[in-house]
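So you can see what is in the structure, the chains are spelled out below.
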Amino acid sequence: MRSETLQKARDFENQYGPHIPDEERPAFHVTPTIGWMNDPNGFSFYNGECHLFYQYHPYSDEWGPMHWGHLKSKDFIRWERLPAALAPDTDYDGSGCFSGGAVELPDGRQLLMYTGVRRERNADGFFQDVQTQCIAVGDGLDYEKYEGNPVLDAKDLPEGGSAVDFRDPKIWREEDGTYYAVIGNRASDSSGMILLYRSGDAVNWEFVRVLDASGNQYGKMWECPDFFPLDGSQVLLTSPQEMVTVGLEFHAGHGTLCLIGDYDPQGKGFVRKQVQAIDYGLDFYAPQTLLAPDGRRIMIGWMQNWNTIGAKPDYCRWFGQMSVPRELSIRDGRLFQMPVRELEKYRRQRISHRNILVCGEVNLPGICGRLVDMTVTIRPAGHDFYRWFRIHVAKDGEHDTIIRYRPDQGTLKLDRTRSGLPYDIVHTRSFLVRPLANGELKLRIILDRFSVEVFVNDGEEAASAVIYTRKEAEAISFEAGGTALMDVEKYELVFE
Ligand code: FRU
């Protein structure tokens, strides 16, 4: 039975969603049908297609009682919109269906596992949320919530765990048929930890162990975990709240954290060896991954950050976008990420310039546009070793988004100060990069109408930012302090 709340959301998105013209949305980054979107949810394969759900409040451009929006895709780039999948319509999730995951069941149905939120008064008389884990089963379109919900609640927590911050189950099924879920929680020191649960049928769950914990070192509450093997290592992703700045690796506020280590399920569990940020830009949070049938581990993130959500144009019919889906790998103990190779199918009109001497500012024939996949390779030239190198994109007389490299500091800076955001929030982010063995720096820049994503040296670092530059601002130029040699390869991205 479809609830009134869900039917109302579906009617609303049917009525108003189609009014948003395509040109007012990104060309290939996911946006909500109408209204607000945050975290990706249930990113997984079902019936041979990729499904993506998202945290959704259709009725305004602000966060509100969470629904799950829904889309699917055959290639991660072009998406078909589907009706809203979940609505906050029961006593255990009436304050929101928070983030979670999805898995295909052996009987051909699809199971969603999510956090149900209900409001209660605490001992001080204040309202507080109680978070439990719930499931719903369906056919890829319509889902029935399980009558025994919730399937995990306060009694399933380890000692010291929090029933208020207990959310974002990411579920997967192992080859032996066992289901696992990692869930964010807060330990007795009030900082985050990730819990592992196990189930034979995805309905009855038992606590296995704490996989890792912040110990107040990497932020407070750890949200939206994911846990998977990759290239011989084990990876734990999470998005911590209330981080403090650590060098150029972590910025203050809501951040992203990638822990790389070893995993011994019978013995010590997860042992972390390397710690890094996931994305070094301004707008990235709560990523989730899937394992594609061809073996690729693919990640998608909310290309926004809680600390930047106030900075939007006055009136938006949609708010929130997803990053381009990214293929993950581990090299030399680091997480690498590159746009899914399917994006290359949409490349048209290749323009290539090689060995261009840059000294001062340079414009090149054919190098412009706002739907762009461009790779720029920079290397030293002559005696006047360049001190800085800038790439300007989405540029006109008033606007300019700048990617600046300082070889002496080994930093790359993404600067969207003049990218049309009408708020005085943080607009620049710097992070460490290192040249390739041959002394070159290689930057792949993906531009859509409302974003820029930069991938450094075949994905060793990634940095994303939302921009609101008017679409006519499509100039691109290059500038060096000193002299540098540069190769540029640029494609138009075309989605007819
Ligand atoms: C992360 C998050 C999740 C929660 C959801 C609510 O962005 O705070 O922890 O499930 O958003 O919309």
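Enquirer: Outline the pattern of salt bridges, supporting the account with residue identities and numerical values.
Expert: Enumeration over the complete set of coordinates arrives at 45 salt bridges. Residue arginine 272 pairs with aspartate 212 through a salt bridge whose shortest N-O separation is 2.8 Å. Here arginine 272, found in strand β16 (residues 269-276), pairs with aspartate 212, found in strand β12 (residues 205-213); they are 60 residues apart in sequence, far enough to count as distant. According to the relative accessible area criterion, arginine 272 is partly exposed, its value standing at 26%. With a relative accessible area of 13%, aspartate 212 lands in the buried category. In this structure, aspartate 487 engages arginine 379 in a salt bridge whose closest nitrogen and oxygen atoms are separated by 2.9 Å. Separated by 108 residues along the polypeptide, aspartate 487 in strand β31 (residues 475-493) and arginine 379 in strand β23 (residues 372-380) bring together distant segments of the chain. According to the relative accessible area criterion, aspartate 487 is buried, its value standing at 10%. If you follow the salt bridges from partner to partner, you end up with Asp294, Arg296, Glu327, Arg341 and Glu342 in one network.

Enquirer: Can you lay out the sheet that holds strand β8 (residues 143-145) for me, pointing to particular residues and giving the numbers?
Expert: As summarised here, the arrangement of the four strands in space is β5-β6-β7-β8, forming an open sheet in which the pairing is antiparallel. Looking at which strands have only one partner, the edges of the open sheet turn out to be β5 (96-104) and β8. Sheet twist, expressed as the average angle between the axes of neighbouring strands with direction ignored, equals 30 degrees. Both strand β7 (residues 127-138) and β8 contribute to a ladder of three bridges, which runs antiparallel. Residue pairing in the sheet places alanine 136 in a bridge with lysine 145 of β8.

Enquirer: An account of the site of the ligand is requested, with residue identities and associated values reported.
Expert: Taken together, 13 residues lie around the ligand, and Asp39, Gln55, Arg167, Asp168 and Trp306 are the ones closest in. At 2.7 Å from an oxygen atom of the ligand is found a side-chain nitrogen or oxygen belonging to aspartate 39. Measuring from an oxygen atom of the ligand, one finds a side-chain N or O atom of tryptophan 306 at 2.8 Å. Tallied by class, residues from the shell around the ligand come to six nonpolar, three polar and four charged.

Enquirer: Please set out the nonpolar core residue by residue, giving values where relevant.
Expert: The biggest cluster of nonpolar side chains holds 54 residues, and the ones touching the most others in it are Met374, Phe389, Ile391, Leu412 and Phe478. Among the elements that line this core, the one with the most residues is β31, at six residues. Both of domain 1 (4-342) and domain 2 (344-493) provide at least three residues apiece to this core. Beyond its immediate sequence surroundings of up to four residues, isoleucine 391 is in contact with Met374, Val376, Thr401, Ile402, Ile403, Leu443, Ile445, Ser477 and Phe478. Counting 49 residues, the second-largest nonpolar core is a separate cluster that includes Val117, Ile298, Ala462 and Tyr468.

Enquirer: Hey, could you go over the side chain of asparagine 41 for me, with residue numbers and the actual values?
Expert: Tracing the chain through its elements places asparagine 41 in strand β1 (residues 35-46). Residue class for asparagine 41 comes out buried when judged on its relative accessible area of 0%. Polar contacts involving the side chain of asparagine 41 include one to the side chain of glutamine 55, which spans 2.9 Å. Residue contacts for asparagine 41: discarding those within four places in its chain leaves Leu52, Phe53, Tyr54, Gln55, Trp68, Ser99, Gly100 and Gln288.

Enquirer: Requested: an account of the domain arrangement of the protein chain, with residues and values cited.
Expert: Segmentation of the protein chain into domains returns domain 1 (4-342) and domain 2 (344-493). Computed over C-alpha atoms, the centres of domain 1 and domain 2 are 31 Å apart. Every contact between the two is made by 42 residues of domain 1 and, on the other side, 39 residues of domain 2. Of the roughly 3500 Å² buried where domain 1 meets domain 2, counting both sides, 60% is carbon and sulfur surface.

Criteria and cut-off values
Counting restarts for each chain, with residues numbered from 1 along the sequence as it is written. Reporting in this predicted model follows two pLDDT cut-offs: at least 70 for local features of residues, and 80 or more for side-chain atom pairs to be given and counted; totals over whole chains, interfaces and linings ignore these cut-offs and use all residues. No hydrogens and no water enter the side-chain calculation; it runs on all heavy atoms of the structure. Salt bridge, as used here: a side-chain nitrogen of Lys or Arg that lies within 4 Å of a carboxyl oxygen of Asp or Glu. Helix numbers and strand numbers start at the N terminus; a helix is a DSSP run of H or I with at least 4 residues, a strand a run of E with at least 2. We call a residue buried when its accessible area falls under 20% of the maximum for its residue type, exposed when it is over 50%, and partly exposed in between, using a 1.4 Å probe and counting protein chains only. If DSSP finds at least two bridges between two strands, the strands pair. Axes here mean lines fitted to C-alpha atoms, for a helix over just the part in contact, with angles spanning 0 to 180 degrees between N-to-C directions. Throughout, near means a residue has at least one heavy atom within 4 Å of the molecule or strand. Two N or O atoms count as a polar contact when they lie within 3.5 Å, although within protein this holds only if one can serve as hydrogen donor and the other as acceptor, and sequence-adjacent residues are included solely when both atoms are side-chain atoms. Note on residue classes: Ala, Val, Leu, Ile, Met, Phe, Trp, Tyr, Cys and Pro are nonpolar, Asp, Glu, Lys and Arg are charged, and everything else, Gly too, is polar. Buried residues of nine kinds, namely Ala, Val, Leu, Ile, Met, Phe, Trp, Tyr and Cys, make up a nonpolar core once their side-chain atoms join them within 4.5 Å. In this entry, domain limits derive from an automatic or database-based domain assignment. A contact between two residues is defined here by any heavy atoms of the two lying within 4.5 Å. We define buried area as the total accessible area lost by two parts upon association, computed with a 1.4 Å probe and summed across both.

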